[in-house]
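# A closer look at the structure
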Amino acid sequence: MARITAGVTTSHVPAIGAALDNGKSAEPYWAPVFAGYNFSKQWIAEQQPDVIFLVYNDHATAFSLDMVPTFAIGCAGEFAPADEGWGPRPVPVVKGHPELASHIAQSVIQDDFDLTIVNKMDVDHGLTVPLSLMFGQPEAWPCLVIPFAVNVVLYPPPSGRRCYELGKALRRAVESFDADLNVQVWGTGGMSHQLQGPRAGLINKAFDNDFLDRIVNSPEELSHMPHIDYVREAGSEGIELVMWLIMRGALNDRVIERHRFYHVPASNTAVGHLVLENG
Amino acid sequence: MGLHKPYEDVPGTTIFDADMARIGYHLNQFCMSLMKPGNRARFKADERAYLDEWSMTEEQKQAVLDRDYNRMMALGGNVYFLAKIFSSDGISFQAAASTMTGMTVEEYAQMMIDGGRSPEGNRFVGETSNNG
């Protein structure tokens, strides 16, 4: 049977990808960011996941305002890095797992979560920056990836509660897939940041660190946090953090925190990162 | 009775909700078109003529020509779409964000290095902000 063994959360700031792609990762501004992932790179090399279910959001790249799905699952065999306006990132093509993705869609939709099935999609920095942070710059990504795009651009996004419950449905789906697969779930985006208006640049370290504590130890309670608390406390784009709750819902109630990292700033954003194992 | 929008009293913030997405549809789709190099070239060659190909309001077009990002957002623009404009201009996200705050690029970058804008005084309209 397939099983979910671990969860990872990380911010997906585009400037991090640009720093790596342009050889700036050792510069004083960026070195502390990348150093926060040294443990994680070694950890994932040991874990050797077969598939990563990667929860992220598209940033007006694959989805224009013509169509805005709330939850979209990538069922294709591969996904090309998107040209976001300055050429595609020089990273490997992302290889999917169409059989598992289709199985998850079949299971989760019957569990009352109405996913949009996507068979052709380019993936932007929201998906590729987390892969770069965890795997560095390999010739090919060392495992398969199922992209799972959540709308957090057009308000309202799904509630934290809905995301947490979706994580639980995802777990049931994965555990009913008849193949011996080591699956990880990643929740990306956040932490506090606001990219727009006179309040741009908002960072809330107290909120972020409390969120890191609670998503590890009391996710059930955290999942009830209303949207307005994310917006007011963590900035208009901090609401991306609801995506972390999909990851958390897919893990055991009690988890082992293997690694935690928090850093300000990366461009406009607070970087937060967790490595969690099912105990 | 309308829908409750509790985010309307968050200062300096325009939430891109379904109503704003309706108002800004053509503005944001114009932005999406700039992801194609041929469209970028045509826009740069004659911005006004390119904008006139879109069903945007005159106010929206003028805000684009003025690169007034706060105005564009008030007229339904979303920052991830508007990013296509400042990317076409060769301006970073951080530099573009600084123009929305009334700070210089250097002042804004320093604020971020110093830990960002504090939430203290920045949660509700009418509060006294500690910075900015």
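Numbers given for residues are sequential positions, taken from 1 along each chain in its written order. Chains carry letters and ligands carry numbers; both start at the beginning, A for chains and 1 for ligands, and go up in the order they are written. Only residues with pLDDT of at least 70 get local features here, since the model is predicted, and only at 80 or more are side-chain atom pairs given and counted; chain-wide, interface and lining totals rely on the full set of residues. Each side-chain value is derived from all of the structure's non-hydrogen atoms; neither hydrogens nor water enter the calculation.

## Points about the overall build of chain B
In terms of regular secondary structure, chain B is built from nine helices and zero strands. Secondary structure is summarised from DSSP: a helix means a run of H or I of at least four residues, a strand means a run of E of at least two, and numbering begins at the N terminus for each. In sequence order, chain B lays out its α and β elements as α-α-α-α-α-α-α-α-α. If one aligns the C-alpha atoms of chain B with their principal axes, the spans along those axes are about 45 × 45 × 20 Å. Residues count as neighbours in contact if any of their non-hydrogen atoms are within 4.5 Å of one another. Here the analysis covers contacts within chain B between residues at least 6 apart in sequence; of these, 42% occur between residues at least 24 apart. Note on areas: Shrake-Rupley, 1.4 Å probe, and residue coverage restricted to the protein chains presented here. Here chain B displays about 6400 Å² of accessible surface, and carbon together with sulfur accounts for 53% of that area. Working convention for charge: Lys and Arg count positive, Asp and Glu count negative, and His plus the chain ends are omitted. By convention, the charge on Lys lies at NZ, on Arg at CZ, on Asp at CG and on Glu at CD. Mean positive and mean negative side-chain charge positions of chain B (13 and 18 charges, respectively) differ by 8 Å.

## Re the pairing of strand β8 (residues 182-188) of chain A
Residues and elements named next belong to chain A. With a 1.4 Å probe rolled over the protein chains alone, any residue whose accessible area is under 20% of its type maximum counts as buried; one over 50% counts as exposed, and the rest are partly exposed. Among the seven residues in β8, seven count as buried, and that is most of the element. Of the two faces of β8, the one lined by N182, Q184, W186 and T188 and the one lined by V183, V185 and G187 are each fully buried. Paired strands are those between which DSSP finds at least two bridges. With seven bridges connecting them, strand β1 (residues 3-10) and β8 associate as parallel partners. Bridged to T10 within β8 is T188. Judged from the five bridges that link them, strand β2 (residues 51-56) and β8 form a sheet pairing that is parallel. Counted as the bridge partner of V55 is G187 from β8.

## Re the interface of chain B and chain A
The partner chain A presents 40 residues to the 44 residues of chain B that form the contact. Approximately 3700 Å² of surface area, both sides summed, lies buried where chain B meets chain A, with 60% of it carried by carbon and sulfur atoms. On the chain B side of the interface with chain A, the three residues burying the most area are Y80, M112 and R117 of chain B, jointly 17% of the side's total. We define a salt bridge as a side-chain nitrogen of Lys or Arg found within 4 Å of a carboxyl oxygen belonging to Asp or Glu. Inspection of the chain B/chain A interface yields two salt bridges. Taking the shortest distance from any N to any O, the salt bridge between R232 of chain A and D9 of chain B comes out at 3.0 Å. In protein, a polar contact requires one atom able to donate a hydrogen and another able to accept it; more generally it is a pair of N or O atoms within 3.5 Å, and residues adjacent in sequence count only if both atoms are side-chain atoms. Scanning the region where chain B abuts chain A turns up 26 residue pairs in polar contact (both at pLDDT 80 or more). For the side of chain B that touches chain A, the secondary-structure elements that each account for two or more residues are α1 (18-23), α2 (25-33), α6 (69-74), α7 (79-88), α8 (93-99) and α9 (105-113) of chain B. Ranked by the residues each element gives to the side of chain B that touches chain A, the list is headed by α7 of chain B, at five residues. Residue polarity is assigned by list, with Asp, Glu, Lys and Arg as charged and Ala, Val, Leu, Ile, Met, Phe, Trp, Tyr, Cys and Pro as nonpolar; anything else, Gly included, falls into the polar class. Along the lines of polarity and charge, the residues of the side of chain B that touches chain A split into 24 nonpolar, 14 polar and six charged. By buried area we mean how much accessible surface two parts lose on assembly, using a 1.4 Å probe and totalling the loss over both.

## Notes on the layout of surface pockets
A pocket, in this scheme, is an open set of points on a 1 Å grid over the protein atoms alone with protein on both sides within 12 Å along at least 5 of 7 lines, while a cavity is a set where a 1.4 Å probe fits but cannot get out; residues line either one if an atom lies within 4 Å of a point. Grid points are joined across faces, edges and corners, and a volume is the space filled by probe spheres set on the points. Here the largest pocket defines a volume of roughly 950 Å³. Lining the largest pocket we find 40 residues, and of these P14, A15, A18 and W86 of chain A together with F93 of chain B sit closest to its centre. Within the residue set of the lining of the largest pocket, elements represented by two or more residues are α1 (14-21) of chain A together with α7 and α8 of chain B. With six residues, the top contributor of residues to the lining of the largest pocket is α1 of chain A.

## Remarks on the packing of helix α4 (residues 98-110) of chain A against helix α6 (residues 160-175) of chain A
Residue and element names in this part refer to chain A. Axis separation between α4 and α6 bottoms out at 9 Å; the angle between their running directions is 125°. When the axes of α4 and α6 are compared, the pair comes out oblique. For the pair α4 and α6, the crossing hand works out as right-handed. Facing H103, I104, S107 and V108 of α4, the residues of α6 in contact are L166, A169, L170, A173 and V174. Taken together, the residues that form the contact of α4 with α6 break down as seven nonpolar, two polar and no charged. As a rule, the C-alpha atoms of each element are fitted with a line to give its axis, helices using only the stretch in contact, and angles between N-to-C directions run from 0 to 180 degrees. In this scheme, roughly parallel covers angles under 35 degrees and roughly antiparallel covers those over 145, while 65 to 115 is roughly perpendicular and the rest are oblique. Left-handed describes a crossing whose near helix is turned anticlockwise from the far helix through less than a right angle; right-handed describes the clockwise counterpart.

## Examining α9 of chain B
Within α9 of chain B, the full set of buried residues consists of Y108, M111 and M112 of chain B. Take α9 of chain B and look down its axis: the buried residues cluster within an arc of 100°, on one side only. Here the buried face of α9 of chain B lies against β9 (255-266) and β10 (269-278) of chain A together with α8 of chain B. Following α9 of chain B by one or two positions, G115 of chain B adopts a phi angle in the positive range, close to 115°. Here the arc refers to the directions that run from the helix axis out to each C-beta atom.

## Observations concerning the pattern of salt bridges
A side chain of one charge can pair with a side chain of the opposite charge if their charged atoms are brought near each other. All names here are of chain B. On inspection of all chains with the given rule, the structure shows 25 salt bridges over all chains. With a closest N to O distance of 3.2 Å, R48 and D52 form a salt bridge. Classification of R48 as partly exposed rests on a relative accessible area of 28%. Between D52 and K61 there is a salt bridge whose closest N-O contact spans 3.0 Å.

## Let's talk about empty space enclosed by the protein
The probe, sized like a water molecule, is rolled over the atoms to show the empty space still left. Scanning the model with the defined rule gives three cavities of 30 Å³ or more in all. Looking at the largest cavity, its volume works out to about 210 Å³. As for the largest cavity, its lining consists of 19 residues, of which V153, S236 and E237 of chain A together with F16 and N78 of chain B are closest to the centre. Of the volumes computed, that of the second largest cavity is approximately 150 Å³.

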